Amino acid sequence: MATELKRIDANRLLVPKGYLTGMRTDGMIFVDEVLQRDLEKGSIEQVANVATLPGIVGNSMAMPDVHQGYGFPIGGVAAFDLNEGVISPGGVGYDINCGVRLIRSNLTKPDVMPKMRELVESLYTSIPSGVGSKGRIRLGERDREHILLKGARWAVEQGYGERADLEHCESGGCMDGADPSGISAKAYERGKAQQGTLGSGNHFVEVQYVDEIFDEAAAGVLGVFPNQITVMIHTGSRGFGHQVCTDFLEVMGRAVEKYGITLPDRELACAPFSSSESRAYFAAMKASANYAWANRQCLTHWTREIFYSLFRMTPREAGMTLVYDVAHNIAKVEEHRVNGVDRKLVVHRKGCTRAFPPNHPELPVRYRPIGQPVLIPGDMGRASYVLLGTHKAMNETFGSTCHGAGRLLSRHQAIRQAKGRAIWREMEDKNVLVRAAGRETLAEEMPEAYKNVSNVVDVVHNAGISKKVARLRPLGVIKG
Amino acid sequence: MSHNTDTIMKEFSIIDVSGDIGISASGATLGELFANAGAALYDLMTDVSSVRTVVSRKFSTSADTCDGLLVCFLNELIYLFETEELVGSRIKVMSLDESECSLKADVHGERFDPERHERRLLVKAATYHKLRMEQREGLWYAEVIFDI
């Protein structure tokens, strides 16, 4: 049996079943030769480890932005049979439904440039971010449960945004089947003051302009045009989702023993999908996903308010509608065709974005002719992308693609390299205004700390699992 | 800073991992190891030397294994930070039952105040990733990676 990595083509690297004892299937990493140079051995091992889990269907896969995570790699996708397979909190990640949304506008770059500094300052003061920041929303007893059941719809009902926003969220901004009764008191407590907060680390609100269009027809459908101002928001379920993950890693740790599952790594803790432990986790995960959709919806509302007041525009004039909202840390039951047979599978995407093809019933009617919008944030200095899902993704990757640039340097390495440099000034020299709450956030998040997102996007585009529509460049960024 | 065994001392260091960050701590006893690991966690969050001892907060926790107990203990400190904004200047492990894998601890510190306390990392969870805990030549050592 082959034990060595094998290059299949320019964009695919096979991790054969023989690479690690116990693998039930091959691993497949989408990387070209350039990105392969940055591929950590630990990431390859994690792709192989996931292939050992019971009931895995198809390959254990990783996207070109892959890096080492806990248990599952970040940038990984794996699907499991509903009867024979498992669900694993490690395959979703701590920040459940960490995701990205993109808001368009009728404004152009020349419209906002004179007020950029004021805009960034206003966003920074209005959107709670960073260590120890408090949300503007206080949740009552009823709200706490309603958020978990309704997701972004809860936020819209409270006046944060518009009903039309919901249609342009993955899953309509709410997963059915969330169960508030399975949530620990601790998770509620952590979630109480964090609804409507950005968090820290790589989370951001970014004002961008459309720098290049690759597919004019699709861009037209998305309402995107050259030099247009867009806003990208990247955040998740905050402490709430983290506590749910922490709680269920304990539950799953015990389940592994109970069901006699052998694991190469404790963070892969899982349980048969049909077990009571899995049902409880899945319902709690959905509740966390809904918390995250509500969070991004609240941040969207405040962002719009700032634009309306600063540029003295009505909502209609500003045209700040939601292009789309994607989750990139989530597990979902989906139908996929495997070897000619339609099967329901539980698909884990961790640092990986759903990329459904044209005409998929889950897409909003408006986007059915073109496919699902996929939003790929890059680092704060270079670029972000809008892509579309493809049939090839559906056939090869369970309708999945990359989620971002992927880290290159550890946080400490980045801080070391940034020593003595004023990152904010370097960014201003590149015409990007930045504000961050944390002293070291900018150093950790400096562009060199990440792979070049354009290389990552080229791999998924060339492999045919996504299609490029537009490139966005940053103008102003707030971080936690 | 005083030098009682339950006082936060620099008996720890930072471990580098791509994307996240870890700590390595040591102690003469398990209790001291836990207290030092907790101190390392607070050091990731803020400059501990600026934290005054104003309030104290007791808690207990348990786990299935001893190294798991360390993860649970650290997650408890993260929970107290996120819900009560408590940052510790001093941690005392009151009792630690190795066979039961349970402990009682007391954190002394104050509410996080962004005006006075430096904002460092928002640590969101202690993980089992590459978790290590061992006794060597009479000292306890541990390594824990955090999700941030």
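Up top is the structure.
Residues numbered from 1 in each chain as written. Chains lettered and ligands numbered in written order. Predicted model: local features only at pLDDT ≥ 70, side-chain atom pairs only at ≥ 80, totals over all residues. Heavy atoms only, no water.

J.: How should the overall build of chain B be read in this particular structure?
T.: On a plain count of helices and strands, chain B comes out with two helices and eight strands. Each helix (α) and strand (β) of chain B, taken in turn from the N terminus, gives the series β-β-α-β-α-β-β-β-β-β. Rg of the C-alpha trace for chain B: 14 Å, near the compact-globule value of 15 Å for 148 residues, within the 12% margin. Considered along the principal axes of its C-alpha atoms, chain B spans approximately 40 × 35 × 25 Å. As displayed, chain B has an accessible area near 5,900 Å², and 45% of this comes from carbon and sulfur atoms. Distance between charge centroids for chain B: 5 Å, based on 15 positive and 25 negative side chains. (Helix = DSSP H or I, 4+ residues; strand = E, 2+ residues; numbered from the N terminus. Rg over C-alpha atoms; globule rule 2.2 N^0.38 Å. Areas by Shrake-Rupley, 256 points an atom, 1.4 Å probe, with all protein chains shown as cover. Lys, Arg positive; Asp, Glu negative; His and termini not counted. Charge placed at Lys NZ, Arg CZ, Asp CG, Glu CD.)

J.: What is the right way to read the nonpolar core from this model?
T.: If you look at soluble globular proteins, the nonpolar side chains tend to sit buried side by side. All names here are of chain A. Judged by nonpolar contacts, the single largest core of 89 residues is most densely connected at F80, L119, I183, M285 and F307. Leaving out residues up to four positions away in the same chain, I183 has contacts with L148, Y188, F240, V244, A284 and A287. Counting residues in hydrophobic clusters, the runner-up holds 81 residues, among them L35, A418, M427 and A443. (Core = buried A, V, L, I, M, F, W, Y, C linked by side-chain atoms within 4.5 Å. Buried < 20%, exposed > 50% of the residue type's maximum accessible area, 1.4 Å probe, protein only. Contact = heavy atoms within 4.5 Å.)

J.: Explanation requested: the side chain of H328 of chain A in the structure shown.
T.: Residues and elements named next belong to chain A. Position of H328 among the secondary structure elements: in the loop between β11 (322-327) and β12 (329-338). What makes H328 buried here is its relative accessible area of 2%. Apart from the residues lying within four places of it in its own chain, the contact partners of H328 are C98, G99, V100, H234, R349, K350, G351, C352, T353 and H403.

J.: Any chance you could explain helix α8 (residues 185-192) of chain A here in plain terms?
T.: One turn of an α-helix holds 3.6 residues; hence residues three or four places apart share an orientation. Along α8 of chain A, the residues classified as buried are A187, Y188, R190 and G191 of chain A. Seen end-on, α8 of chain A carries its buried residues on one side only, within an arc spanning 165°. Buried residues along α8 of chain A sit in contact with α5 (141-150), α10 (238-258) and α11 (276-310) of chain A together with α2 (66-84) of chain B. (Arc of directions from axis to C-beta.)

J.: How should I be thinking about the pattern of salt bridges in this particular structure?
T.: Pairing of side chains with opposite charge becomes possible as their charged atoms draw close. All chains considered together, the criterion is met by 45 salt bridges over all chains. Of the charged contacts, one joins R416 of chain A and D16 of chain B as a salt bridge, the two residues approaching to 3.6 Å between their closest N and O atoms. Here the residue R416 of chain A occupies a position in helix α14 (residues 411-418), and D16 of chain B occupies one in strand β1 (residues 12-16), the pair thus bridging two chains. Relative accessible area serves as the criterion here: at 52%, R416 of chain A is assigned to the exposed category. Sharing partners across several salt bridges, the network here consists of R407, R411, E444, E445 and K479 of chain A. (Salt bridge = Lys/Arg side-chain N within 4 Å of Asp/Glu carboxyl O.)

J.: Please explain the sheet that holds strand β2 (residues 12-15) of chain A as it appears in this structure.
T.: All names here are of chain A. With mixed pairing, the seven strands of this open sheet are ordered in space as β1-β2-β3-β4-β5-β13-β12. Whereas interior strands pair on both sides, the edge strands pair on one side only; in this sheet they are β1 (6-9) and β12. Neighbouring strand axes in the sheet, compared pairwise and without regard to direction, differ in orientation by 25° on average. Note: β1 against β2, three bridges, orientation antiparallel. In the sheet register, K6 faces β2, and the bridge partner there is L14. (Pairing = 2+ DSSP bridges. Axes fitted to C-alpha atoms, helices over the stretch in contact; angles between N-to-C directions.)

J.: Could you clarify how one ought to interpret unusual backbone geometry in this entry?
T.: Across the chain, the bulk of peptide bonds are trans and the bulk of non-glycine residues have phi less than zero. All names here are of chain A. In the Ramachandran plot, S171 falls in the positive-phi region, its phi being about 60° despite a non-glycine side chain. Relative to the helices and strands, S171 is located in the loop between α7 (163-167) and α8. S171 sits in the partly exposed class, given a relative accessible area of 24%. Here R238, not a glycine, exhibits a phi torsion of approximately 55°, which is positive. Residue position: R238 is located in helix α10. Residue class for R238 comes out buried when judged on its relative accessible area of 3%.

J.: Is there a simple way to explain the pairing of β2 of chain A in this structure?
T.: Regular strands have side chains that alternate between both faces of the sheet. Residues and elements named next belong to chain A. Here β2 shows no split at all, with R12 and L14 on one side and L13 and V15 on the other all buried. Between β1 and β2, which pair antiparallel in sequence order, lie two residues. As paired strands, β2 and strand β3 (residues 27-30) are joined by four bridges and run antiparallel to one another. Pairing of L14 across the sheet is with M28, part of β3.

J.: So what exactly am I meant to see when it comes to the interface of chain A and chain B here?
T.: A common way to state how big an interface is: give the accessible area lost once the parts meet. Taken together, the 41 residues of chain A in the interface contact 38 residues of chain B. Between chain A and chain B the total buried area reaches about 3,400 Å² when both faces are included, carbon and sulfur atoms providing 49% of it. The largest per-residue losses of area from chain A upon contact with chain B belong to Y70, V131 and R266 of chain A, which jointly make up 22% of the total buried on that side. On the surface where chain A and chain B come into contact, there are five salt bridges. Our count for the chain A to chain B interface comes out at 14 residue pairs in polar contact (both at pLDDT 80 or more). (Buried area = accessible area lost by both parts, 1.4 Å probe. Polar contact = N/O pair within 3.5 Å; in protein donor to acceptor, adjacent residues only side chain to side chain.)

J.: How do you make sense of the packing of helix α4 (residues 116-126) of chain A against α11 of chain A when you look at a structure like this?
T.: Any two packed helices are characterised by the angle at which their axes cross and by the distance between the axes. Residue and element names in this part refer to chain A. The interhelical angle for the contact between α4 and α11, taken along N-to-C directions, is 140°, at an axis separation of 10 Å. The handedness of the crossing between α4 and α11 is right-handed. On α11, the residues touching E118, L119, S122, L123 and S126 of α4 are W302, T303, I306, F307 and L310. Taken together, the residues of the contact of α4 with α11 break down into six nonpolar, three polar and one charged. (Left-handed = near helix turned anticlockwise from the far one by under 90°. Nonpolar A, V, L, I, M, F, W, Y, C, P; charged D, E, K, R; others polar.)

J.: I keep staring at the sheet that holds strand β4 (residues 86-97) of chain B and nothing clicks. Help me out?
T.: Whenever strands of a sheet pair, they do so through backbone hydrogen bonds, lying parallel or antiparallel. All names here are of chain B. Reading across from one edge, β3-β5-β4 is the order of the three strands in this open sheet, with antiparallel pairing throughout. Edge positions in the sheet fall to β3 (55-62) and β4, since each has one partner strand and no second. For this sheet, the mean angle separating the axes of adjacent strands, direction not counted, is 20°. With 10 bridges connecting them, β4 and strand β5 (residues 102-111) associate as antiparallel partners. Bridging from a neighbouring strand, D97 pairs with S102 of β5.

J.: Just checking my understanding: could you explain the packing of aromatic side chains for this structure?
T.: Each pair of aromatic rings is reported with the distance of its centres and the angle of its planes. Residue and element names in this part refer to chain B. By the definition in use, this model includes 12 aromatic pairs over all chains. Their ring planes at 45° and their centres at 5.5 Å tell us that F34 and F73 sit as a pair that is tilted. Of this pair, F34 sits in helix α1 (residues 30-45) while F73 sits in helix α2, placing them 39 residues apart in sequence. Given a relative accessible area of 0%, F34 falls into the buried group. (Phe/Tyr/Trp six-rings, centres within 6.5 Å; stacked < 30°, edge-to-face > 60°.)

J.: I keep staring at the packing of α1 of chain B against α2 of chain B and nothing clicks. Help me out?
T.: Residue and element names in this part refer to chain B. Contact geometry for α1 and α2: axes closest at 10 Å, N-to-C directions at 40°. Relative to α2, the element α1 lies oblique. For the pair α1 and α2, the crossing hand works out as right-handed. Taken together, the residues of α2 that come into contact with α1 (itself represented by L30, F34, A37, G38, L41, Y42 and M45) are C66, L69, L70, F73, L74, L77, I78 and F81. When its residues are assigned to classes, the contact of α1 with α2 shows 14 nonpolar, one polar and no charged. (Parallel < 35°, antiparallel > 145°, perpendicular 65-115°, else oblique.)

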